[in-house]
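Observations on chain architecture
Chain residues, written in single-letter form:
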Amino acid sequence: MSEDMVKKDCIQVLNDNYIAHLGYIFNNVPFITPITYYYDQKENIIISYSDEGHKISAMRLNPFVAFQLEEINSINNWKSVLIVGEFEELKGSEAKMQLHKFAQNVKSLIAKKETKNPESINFFSSKLNTGNIPIVYRIKVNEILGKQQLL
């Protein structure tokens, strides 16, 4: 039977991962899409980026989002974290700074978790050096909930 997770355990799951699912509403229809993210524990925000498109258009219209990730080892050993938050698009130097922080942290996690050379994801860093900076956004965390089953 699953049980609630304490906040510090939810934060640990957020810190240990970099891929999650983002839920948003467009024209009263819910959508869910996978994203790459970085959780900034100090500021209690999720940082991510995207090209212009459906997801960004939807979040500009309705900034309230859900963010969910899980660690599943087996049917009896899993953790799931849900965040309820608010989208905020970043601009200028703030966007560049957060994209740099995102790239550094995601590279570090990939190197740690997957024992792969993080150079294979240089496209994160290359976004900083081109004139076409993607849309960088943060999700201000309003609530963190977690469930787990550890048998």
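Our structure is the block above this text.
A short tour of the structure in this document, coming up. (Residues numbered from 1 in each chain as written. Predicted model: local features only at pLDDT ≥ 70, side-chain atom pairs only at ≥ 80, totals over all residues. Heavy atoms only, no water.)

Some points on the nonpolar core
One broad trend across soluble globular proteins is that nonpolar side chains are buried collectively. Counting 26 residues, the largest nonpolar core has L14, Y37, I46, F67 and I144 as its most contacted members. Of all the elements in the fold, those that place two or more residues in this core are α1 (7–15), β2 (19–26), α2 (54–61), β6 (64–74), β7 (77–89) and β8 (135–150). Considering each element in turn, this core owes the most residues, five residues, to β8. Those residues in contact with F67 that lie beyond four places of it in its chain are L14, A20, H21, I35, Y37, I46, V81, L82, I83 and I139. Core analysis: the next-biggest nonpolar cluster, separate from the first, contains 13 residues, I47, Y49, L99 and F102 among them. (Core = buried A, V, L, I, M, F, W, Y, C linked by side-chain atoms within 4.5 Å. Buried < 20%, exposed > 50% of the residue type's maximum accessible area, 1.4 Å probe, protein only. Helix = DSSP H or I, 4+ residues; strand = E, 2+ residues; numbered from the N terminus. Contact = heavy atoms within 4.5 Å.)

Points about the pairing of β8
Two elements, strand β1 (residues 3–4) and β8, share two bridges in a ladder whose sense is antiparallel. Counterpart to D4 in the pairing with β8 is K147. One ladder, built from six bridges, connects strand β5 (residues 45–50) with β8; its direction is antiparallel. When the sheet's bridge partners are listed, I45 is paired in β8 with K140. (Pairing = 2+ DSSP bridges.)

Some details on the packing of aromatic side chains
Applying the stated criterion across every chain, the model contains four aromatic pairs. Their ring planes at 85 degrees and their centres at 4.9 Å tell us that Y37 and F67 sit as a pair that is edge-to-face. Residue Y37 is located in the loop between β3 (29–36) and β4 (38–40), and its partner F67 is located in strand β6; the two are separated by 30 residues in the primary sequence. Judged by its relative accessible area of 0%, F67 falls in the buried class. With 5.5 Å between their ring centres and 50 degrees between their planes, F87 and Y137 make a pair best called tilted. Taken together, the residues span a long stretch of sequence, with F87 in strand β7 and Y137 in strand β8 at a distance of 50 residues. Using a relative accessible area of 8% as the deciding quantity, one classes F87 as buried. (Phe/Tyr/Trp six-rings, centres within 6.5 Å; stacked < 30°, edge-to-face > 60°.)

Concerning the side chain of Q148
Along the chain, Q148 turns up in strand β8. Residue class for Q148 comes out buried when judged on its relative accessible area of 7%. Non-local contacts of Q148, meaning those with residues more than four positions away in its chain, are made with M1, S2, E3, M5, W78 and K79.

A look at α2
Residues of α2 that are buried: K55, I56, A58 and M59. Along the long axis of α2, the arc covered by the buried residues comes to 165 degrees, so they all point the same way. For α2, the secondary structure elements touched by its buried residues are β2, β3, β5, β6, β7 and β8. (Arc of directions from axis to C-beta.)

A look at the environment of R60
Tracing the backbone through its elements, the reader meets R60 in helix α2. Owing to a relative accessible area of 39%, R60 belongs among the partly exposed residues under this scheme. Through-space distance from the C-alpha of R60 to that of F26 is 9.9 Å; in sequence the pair is 34 residues apart. Side-chain polar atoms of R60 contact the side chain of E89, separated by 2.8 Å. (Polar contact = N/O pair within 3.5 Å; in protein donor to acceptor, adjacent residues only side chain to side chain.)

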